[in-house]
Amino acid sequence: FLVWDNCNNHCQFCFQRDNPRIFKQIQRKEALSKCLEFINSDKFINGSHILICGGEIFDNIQNEDMFNRFFKEMVILMNNNIVDLLYINTNLIYENLDVLMTLLKPMDENKLLSRVKFTTSYDIEGRFSKKGIELFQRNLKTIKEQFSDINIVSNTILTKPCCQAIIDGSFSVKQFMEEYKCWVNLIPYIVKDDKLTANS
C-alpha cells in the first residue's frame, strides 16, 4: 500500500515529487482505514505479505491514534497468520522516532520482529543534507540497539557518485553492513537527473 506521497525530503531521484498526492491528516486516516478494510475483506488472500510505504509515513505525524490502530491490527493479523510478513519503508530522516518505536514495541513483545521487514535508504548523493545524514545514522543505530532482532535492509541506489565511491574505496558496502548491523541492497538508478547517471 502506497498510502500517500507526503514527504519533506525532496530527493533528487524521486519521481513521486513531480506530481505528489499530498494528503491532509483526515485523508491519511482514511487511507489507513481503507487498507485495513481491504485486508479484512474476502478479497485479501490469507498468508499474504503487506507493504506499507509513502512518501514518508512516519514524519510529521499529528494523529498517532490512526497509526496505533493500524499496527495493533497488524499484530492481531500476524498472530492469526492472516498476514505473513509486514514490510515497512521509512527513510529515517526525521527527529521524532516515538511513533515508529511505539509500533515496533508490540511486534517485539509478540515475537513478530522476525516477520517485520524494515527497509530504509542510504545514498551517497541526492538524498541527504549534512543534518539529514546524521539523523539517518543516529536513528538507524537507535532502532537496532532497541530491537536487535529486527531485519533491516538499506537500499542504496547505484548513482554515479555511489559507483565512484565503491570503486575508489570511500564507501564500503561490507563496512556499512557491519557498522549498522543491516543488509545493503544495491539497486539500479532509474534516470531522472543525468548528473547522477553512472557511466556505462
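Use the structure listed above.
What counts as what
- The residue count restarts for each chain, going from 1 along the sequence in the order it is written.
- With pLDDT at 70 or above as the cut-off, local features in this predicted model cover only qualifying residues; side-chain atom pairs require 80 or more to be listed or tallied, and sums for whole chains, interfaces and linings still use all residues.
- The basis for the side-chain values is all heavy atoms of the structure; hydrogens and waters are excluded.
- Take the buried Ala, Val, Leu, Ile, Met, Phe, Trp, Tyr and Cys residues and link them wherever side-chain atoms come within 4.5 Å; each set so joined is a nonpolar core.
- Classification of residues uses two cut-offs on accessible area relative to the type maximum, computed with a 1.4 Å probe and protein chains only: under 20% is buried, over 50% is exposed, and between them is partly exposed.
- Numbering goes from the N terminus for both helices and strands, where a helix is a DSSP run of H or I of at least four residues and a strand is a run of E of at least two.
- Contacts are residue-level and defined by heavy atoms, with any inter-residue pair within 4.5 Å sufficient.
- Lines are fitted to the C-alpha atoms to define the axes, a helix being fitted only along its stretch in contact, and any angle between axes, read from their N-to-C directions, falls within 0 to 180 degrees.
- Angle categories are assigned with fixed cut-offs, so that under 35 degrees is roughly parallel, over 145 is roughly antiparallel, 65 to 115 is roughly perpendicular, and the rest are oblique.
- Each crossing is labelled by how the near helix is turned from the far one, with a counterclockwise turn of less than a right angle marking it left-handed and a clockwise turn marking it right-handed.
- At least two bridges found by DSSP between two strands are what make those strands a pair.
- The working definition used for a salt bridge is a side-chain nitrogen of Lys or Arg within 4 Å of a carboxyl oxygen of Asp or Glu.
- Expected helix span is computed as 1.5 Å times (number of residues minus one).
- Directions drawn from the helix axis to the C-beta atoms are what define this arc.

Quick look at the nonpolar core
When a protein is soluble and globular, its nonpolar side chains tend to lie buried together.
Thinking step 1. Of all hydrophobic cores here, the largest spans 53 residues; its most connected members are F58, F67, F71 and M107.
Thinking step 2. Every element with two or more residues in this core is listed here: α1 (25–39), β1 (48–52), α2 (64–79), β2 (83–89), α3 (98–109), β3 (116–121), α4 (130–146) and α6 (173–180).
Thinking step 3. It is α2 that contributes the most residues to this core, eight residues altogether.
Thinking step 4. With near-sequence residues (within four places) excluded, F58 lies in contact with F67, F71, I88, T90, Y94, V99, L100 and L103.
Thinking step 5. Within the second largest apolar cluster, five residues are counted, among which are F13, I157, Y189 and L196.

Describing the packing of α1 against α2
Thinking step 1. Remark: α1 packs on α2, axes separated minimally by 10 Å, with the N-to-C direction vectors making an angle of 15°. As far as their axial angle goes, α2 and α1 are roughly parallel. Crossing angle aside, the handedness with which α1 passes α2 is left-handed. From α1, Q25, R28, K29, L32, S33, C35, L36 and I39 reach across to α2, where they touch M66, F67, R69, F70, E73, M74 and L77.

A few points about the sheet that holds β3
Thinking step 1. If you walk across this open sheet you meet the five strands as β1-β2-β3-β4-β5, and the pairing is parallel. A single partner strand is all that each edge strand has here, and the edge strands are β1 and β5 (183–187). Averaged over all pairs of adjacent strands, the angle between their axes in this sheet comes to 25°, without regard to strand direction.
Thinking step 2. Pairing analysis gives five bridges linking β3 to strand β4 (residues 151–157), with the strands arranged parallel. Within β4, the residue paired with T120 across the bridge is S154.
Thinking step 3. Here α2 sits on the sheet and contacts β1, β2 and β3; the angle it forms with β2, its principal contact strand, is near 150°.

Focus on the pattern of salt bridges
Between side chains of opposite charge, pairing is possible as soon as their charged atoms come close.
Thinking step 1. With the rule as written, the count across this model stands at seven salt bridges.
Thinking step 2. Close ionic contact of E95 with K131 constitutes a salt bridge, the shortest N to O distance being 3.7 Å. In this pair, E95 is assigned in the loop between β2 and α3 and K131 in helix α4, connecting sequence segments 36 residues apart.
Thinking step 3. Here K131 falls in the exposed class, since its relative accessible area comes to 54%.

Notes on α1
Thinking step 1. The terminal C-alpha atoms of α1 lie 22 Å apart, and with 15 residues this matches the ideal 21 Å at 1.5 Å per residue to within 8%.
Thinking step 2. Within the span of α1, buried status applies to Q25, R28, A31, L32, C35, L36 and I39. All buried residues of α1 project into a common sector of 135° when viewed along the axis, lining one side. Exposed side chains of α1 directed beyond 90 degrees from the buried face belong to I26 and E37.
Thinking step 3. On its buried face, α1 sits against β1, α2 and β2.

Digging into α2
Turn by turn, an α-helix covers 3.6 residues, leaving residues three or four places apart pointing in a common direction.
Thinking step 1. Across its 16 residues, α2 extends 23 Å between first and last C-alpha, which sits within 8% of the 22 Å expected from 1.5 Å per residue.
Thinking step 2. Turning to α2, its buried residues are M66, F67, F70, F71, M74, V75, L77 and M78.
Thinking step 3. Buried residues belonging to α2 abut α1, β1, β2, α3 and β3.
Thinking step 4. Immediately beyond the C-terminal end of α2, within one or two residues, lies N81, with a positive phi of roughly 60°.

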